[in-house]
Amino acid sequence: MRHQSVVAIGEAMLEIAPVGGGLYARAFAGDTFNTAWHMAQVLGSRASVSYVTRVGQDKLSDAFVQELAADGIDIAGVSRDPDRTMGLYLIELDGVERSFHYWRSASAAKGLADDSAVLEKAVGQAGLIHLSGITLAILSPPARRVLFDVLARARTAGAVIAFDPNIRPRLWSSTAEIRQTVSAMMAVTDIALPSFDDEATQWGDAAPDRTLARYAEVGVGEVVVKDGVRVVVFRADGQNGAVVPPPVAHVKDTTGAGDAFNAGYLAARLAGHPAQQAVVMGHKMAAVVLGSFGARADKGRVKALARLL
């Protein structure tokens, strides 16, 4: 990567998470935001991390922006919408497994790519750009084309593009739209971080090795296939590998585990570690989040992982 500058693009939402005893806690979360936040905490002064999104001009949005800045994330890429606000989701737990209820029809983040000049300025100096299938799904087709063009120019200028497909079918009009959009994204992707269950459902992959091969066939040079508690397979630097996730004790909530894995993996790669070691770091970050309620872990526990980079 040309320099230690990370830009994540996507939607942050108000999170209402159960914490036991019928009580809920309010926080901010969202897949790419979760990844950016965990990267910022573990990397500290070793890299700059910024978040590109759009929020409202209300007190809730003000609180989000203030929290970003307080947690060391550059807010220059956060734009404001006078007519919309942030979306909201509530986590429902069945044991430790989660499901979600969403209220995002008025989400300002749907307009994050409406102004190509603003978006281009926000990503222009990035060494690493991270986004997800949710980032793409919330945008209109014209806004997606703007985003693809901006990413292509950033990549030509030397940025590395990391993409987690993170497919949420309810955000898409059809399977055909999912396949067409994700395929277009692959043309500007350097690091793919898919989850096998999504790939099996949308593409019919019989095994993680097939997912790995399919991404390699379309020219993605670095691929890590997450598969819950099962073996992670990856391809990077011309070599294939596999890592068995360690068991995690005292799991509280599976929300955000994949986003945290992405953070650990990308932070380790940014720090110069080989892919196998980066996968191990991804598992360590995910384990911290699995031991927490909600999508983001305790800041101190995340910062403690910095010694491993």
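Owing to the predicted nature of the structure, the values given are computational and were not obtained by experimental measurement. (Residues numbered from 1 in each chain as written. Predicted model: local features only at pLDDT ≥ 70, side-chain atom pairs only at ≥ 80, totals over all residues. Heavy atoms only, no water.)

Visitor: Provide a residue-level description of the sheet that holds strand β6 (residues 87-94), including the pertinent values.
Guide: Taken in spatial order, the four strands line up as β3-β2-β6-β7 in an open sheet, and their pairing is mixed. Both edges of this open sheet fall to β3 (23-29) and β7 (97-103), since each of them pairs with a single strand only. Direction aside, neighbouring strands of the sheet carry axes that sit 30 degrees apart on average. Bridging between β6 and β7 involves seven bridges; their strand directions are antiparallel. If you follow Glu92 over to β7, its bridge partner there is Ser99. Its contacts with the sheet put helix α2 (residues 59-70) on β2 (13-20) and β3, and the angle it makes with β3 is roughly 70 degrees. (Pairing = 2+ DSSP bridges. Helix = DSSP H or I, 4+ residues; strand = E, 2+ residues; numbered from the N terminus. Axes fitted to C-alpha atoms, helices over the stretch in contact; angles between N-to-C directions. Contact = heavy atoms within 4.5 Å.)

Visitor: Describe the packing of aromatic side chains, and please don't skip the residues or the numbers.
Guide: This structure, assessed with the given rule, holds seven aromatic pairs. For the ring pair Tyr89 and Phe100, a centre distance of 5.5 Å and an interplane angle of 85 degrees mean the geometry is edge-to-face. Placement of Tyr89 in strand β6 and of Phe100 in strand β7 is noted, with a sequence separation of eleven residues between them. By relative accessible area, which is 5% here, Tyr89 ends up buried. Measuring from centroid to centroid gives 5.8 Å for Phe100 and Tyr102, while their planes differ by 45 degrees, and the two rings are tilted. In this structure an aromatic cluster arises from ring pairing among Phe28, Phe33, Tyr51 and Phe64. Above the plane of the ring of Tyr102 lies Arg104, whose end atom (NZ or CZ) is 4.6 Å from the centre. Above the ring of Trp37, the side-chain terminus of Arg296 is found at 4.8 Å from the ring centroid. (Phe/Tyr/Trp six-rings, centres within 6.5 Å; stacked < 30°, edge-to-face > 60°. Buried < 20%, exposed > 50% of the residue type's maximum accessible area, 1.4 Å probe, protein only. Lys NZ or Arg CZ within 6 Å of the ring centre and 35° of its normal.)

Visitor: Can you tell me about helix α8 (residues 208-217), naming the residues and giving the values?
Guide: The set of residues buried in α8 consists of Pro208, Thr211, Leu212, Arg214 and Tyr215. Looking down the long axis of α8, one finds its buried residues gathered within 165 degrees of arc, a one-sided arrangement. For α8, the exposed residues lying more than 90 degrees away from the buried face are Asp209 and Glu217. Each element contacted by the buried residues of α8 is listed here: α6 (175-186), β10 (191-192), α7 (196-203), β11 (222-225), β12 (232-236) and β13 (239-243). After α8 finishes, the residue Gly219 shows a positive phi value of roughly 95 degrees. (Arc of directions from axis to C-beta.)

Visitor: I'd like a description of the packing of helix α1 (residues 31-43) against helix α9 (residues 257-270), backed by residues and values.
Guide: Where α1 meets α9, the axes come as close as 8 Å, and the angle between the chain directions of the two elements is 45 degrees. Classified by the interaxial angle, the pair formed by α1 and α9 is oblique. In this structure, the crossing between α1 and α9 has a hand that is right-handed. Note on element contacts: α9 touches α1 through Asp259, Asn262, Ala263, Leu266, Ala267 and Leu270, opposite Asp31, Asn34, Thr35, His38, Met39, Val42 and Leu43. Along the lines of polarity and charge, the residues of the contact of α1 with α9 split into seven nonpolar, four polar and two charged. (Parallel < 35°, antiparallel > 145°, perpendicular 65-115°, else oblique. Left-handed = near helix turned anticlockwise from the far one by under 90°. Nonpolar A, V, L, I, M, F, W, Y, C, P; charged D, E, K, R; others polar.)

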